[in-house]
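# Report on the structure
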Amino acid sequence: MADTTDGPPTAPRTDDALLRRTLQRIRLPLALTRIGLFAEQAARAFWPLWSLLIGVLAVLMLGLQDLATVETVWVVSVLAALAGLWFLIRGVMSFHWPTREDAFRRLDASLVGHPLTALRDAQALGGEDAASARLWAAHQSRMASRAEAAKAVDPDLRVSSFDPFGMRYVALTALCIALLFGSFWRVGTVAGMAPGGAQAAQGPSWEGWVEPPAYTGLPVIYLNDIAAGDLKVAEGSRVTLRLYGEEGALSVTEDVSGRVGELPDPGTPAQDFTVARDGTLVVDGPGGRGWSFTVIPDAEPTVALAGEAEANVDGRVTLPFRATDDYGVEGGEAVITLDLARIDRRYGLQREPEPREAIVLPLPVPISGSRAEFEETLIDNFSEHPWANMPVKIDLHATDAAGQEGSAEGLEIRLAARRFFDPLAASVIEMRRDLLWNIDNGRRVTQVLKAISWQPEGLFRKETHYLRLRTIMRRLDAMTSTGTLSPETRDEIAQALWDLALEIEEGDIDDAMERMRMAQERLNEAMKNGASPQEIARLMQDLRDATQDYLRQLSRQAQREQEQNGTDQPQGQQPPQDGMQMTQDDLQRMMDRIQELMEQGRMAEAQQALEELQQMMENMRVTQGQGGQGSPGDQAMEGLSETLRNQQGLSDEAFRDLQEQYNPGANSGQSQGNTGRNGGMGQGQQHEGQGGQGQQQGRNGQGQQQPGQGQGEPGGQAQGGSNDDRSLAERQEQLRRELERQRGALPNLGGEAGDAARESLDRADRAMRGAEEALRNDDYAGAIDRQSEAMEALREGMRSLGEAMAENQREMQGGQGEMQGNVGGERNDPLGRNAGTNGQLGNDRNMLQGEDVYRRARELLDEIRRRSGDGERPEVELDYLRRLMERF
């Protein structure tokens, strides 16, 4: 309440000076707020109008009017004009012009406490009181300070509540598309659709484009930007012309399309045609222009061989070729046909061959990069095809994107495929070829196979091979005699011959000495027959593997002899004075020298060196550097090897009994003892049976009956086949129990390889049980099958056990590093390798054993390939890696 005792009362009033001063200071925010209100009112009132205008502009820039008829354009234009007029009237009626007071209220509402309104207020009560007046003045001053901090209020331009379907965004999107793909020049074309509009239209009165085929990768040519004169275009380019304005004012004349017959009117507003030849194109009329077209021809692709066809050791043929095209090769194919004129038509090839479809193979093309010029290699395996290793003709065809085809026909090559170096396997493959050549060769094939297998002793390394060949011969003979040999059956017999030849060529041979001799024989045959470097490398590797196996067998044999004699060879024992001591490194160098001689074409020297190596290996005696027994793993490997040999012997005996069952007396011409492996007791050992046996000598079983043994039927067999049957079954049971004992004594090896070894030995045990039961039931065929399964499982188990042992050895040696040093006076060479205790050249230790040798070799080769592909390495290192790749 105002105090009336201090002076006369004062009338309440507003501080106009303070208000005017505050409004002067906020005039800019107030003006901006008013402009914002104007924009807000305009957006809400006229958004339909500007959305319509933007949409019409986008349509005109895209040139959609050129695709429609004049009538359609007029109807749409009238509707758009009416809609625009309606939106304009509606907007004007709903538009409210913002006043200064509207801006004042909007700005005041944005401030805390509405200070602008407070400045307009007057003190209603207590104006007479001085204290109240001073309090009111302080309040007004505080409101003025708050008002002076005012800022312009942002307008609310959101119209989503008025445009629920978002039509304004549709129009904006269309305008963006038109800006990217359209042209402002096209807006003026609509004027030409009005009467007299051709004269008023702005911009060019025509447009033209030359679009090359997509596969050329060339850009589109806009003719309006090209001056009159010569113009080079790709063959097959598409010319598109658009004439705007009054019809007939412009016309087009051209002779580049080569069109004949009924042609379109030269004044047609929309014209398009394909360039097929050189010629001229002229647009006659106001602003017209002319060009002389020179067509760039699309050349046909070319394809040719880039080298000779070669087959690797597995028979996979590689045929390099080269293809070119001006724009890129799309694909192609190789067609291979038999060249009868170059075939030696003798023996089984005298008859006319059966008609066979040509071999058609797609040509590989690069997945990425340019296909204009490239070299690729066609890879396939024709080893089982009837035309394998025969003269053929190959036609190469390449096509481009235009459908043009380039060919290289009549190229004469040999259909490279796998070659067989074992004489027996090669003979079987030749008979298979004759049978596939013509089905009428069946009788001749049977006769030749009978002649080959007439005396099987010494010819077949495994008697199961002879049994399989005999079965094939009987089946083929029976069908050719009765005339029931069909093409399907013929193909089955051919497949059986192929499988047999493969097993003869690569089949497992348990005896290491036989395997080594076979590898040497095959290598000799390859040198005589002029084998390829790849085949020589494969056969040389087989010889290396067989030699390693033979050395390991000799080592085990020497150890067994020491254990039987109860003496150990002392360490550092010197070789005999009249002998020669060699290490495995020395043998490796000898075999490297043999391979080097063969690669240089010095076959005579290579054969002589191979014979010397063979004689040396046959006379070799292995000395032990240390006495004592091997590790548990080595003992397990030795025991499983013995079990495998015994199982092979039992299988051979069961096979002979099967022969005797179906062909009594078939073995009467053989030795008194059993042939081949004598019951699995090892070559040259006694064979224990019910009726006694002779002692086997050599591979063919030519031995003499010992006195007091086998006093019964000829051949050392006791009378009564049942006793022998029970003997085989009992010995199979005894062998199975021995395997059970060996399984229980296996070292505790972990990892996948150890688990695989135990699983394989479990399968071998089950197969032996099946063989034992079959022998007790006189089922020789079933027994042989089960025994084969047991031998295969034993081999897999030994292989897995070797891998597990090698892995365990690597883990044990991994933490030792270089702590071993020199032990026992051994000397190391500059590379840290052991030079031996006796001063010999080479290493006394076998660094890698068993399958680990090949795994490590593969890892080294992969690492060399990886490093040779690293372009950041020094050129000296890359050159060294390339030479390593060429060598190996």
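Residues numbered from 1 in each chain as written. Predicted model: local features only at pLDDT ≥ 70, side-chain atom pairs only at ≥ 80, totals over all residues. Heavy atoms only, no water.

### Looking at the sheet that holds strand 8 (residues 289-296)
Test applied: Note: two strands are recorded as paired if DSSP finds a minimum of 2 bridges between them. Where helices and strands are cited, they refer to DSSP runs of H or I of at least four residues and of E of at least two residues respectively, numbered from the N terminus. Orientation is described by lines fitted to C-alpha atoms, with helices fitted over the stretch in contact, and by angles between N-to-C directions that extend from 0 to 180 degrees.
What the four strands build is an open sheet, ordered 3-8-7-5; its pairing is mixed. Edge positions in the sheet fall to strand 3 (229-234) and strand 5 (251-254), since each has one partner strand and no second. Here the average twist between neighbouring strands, direction ignored, is 25 degrees. The pairing of strand 7 (residues 279-284) with strand 8 spans five bridges and is classified as antiparallel. By the bridge assignment, Val282 is partnered in strand 8 with Gly290.

### Comments concerning the pattern of salt bridges
Test applied: Criterion for a salt bridge: a side-chain nitrogen of Lys or Arg within 4 Å of a carboxyl oxygen of Asp or Glu.
Per the stated rule, a full pass over the model turns up 38 salt bridges. For Arg743, the salt bridge is made with Asp765, and the minimal N-O distance between the two is 3.6 Å. Of this pair, Arg743 sits in helix 19 (residues 721-744) while Asp765 sits in helix 20 (residues 751-776), placing them 22 residues apart in sequence. In this structure, Arg763 and Glu796 form a salt bridge, with 2.4 Å as the shortest nitrogen-oxygen distance. With Arg763 in helix 20 and Glu796 in helix 21 (residues 780-814), this residue pair connects regions lying 33 residues apart in the sequence. If you follow the salt bridges from partner to partner, you end up with Glu733, Arg736, Arg737, Glu740, Arg743, Asp762, Asp765, Arg769, Glu772 and Arg776 in one network.

### So, unusual backbone geometry
For clarity, the threshold we go by: Buried means the residue's accessible area, taken with a 1.4 Å probe over protein chains only, is under 20% of the maximum for its type, while exposed means over 50%, and partly exposed covers the values in between.
Within the chain, Tyr347 stands out as a residue other than glycine whose phi angle is a positive 55 degrees. Looking at the element boundaries, Tyr347 is found in the loop between strand 12 (329-338) and strand 13 (359-362). For Asp778, which is not glycine, the phi torsion reads 60 degrees and is therefore positive. Looking at the element boundaries, Asp778 is found in the loop between helix 20 and helix 21. Residue Asp778 is classed as partly exposed on the basis of its relative accessible area of 42%.

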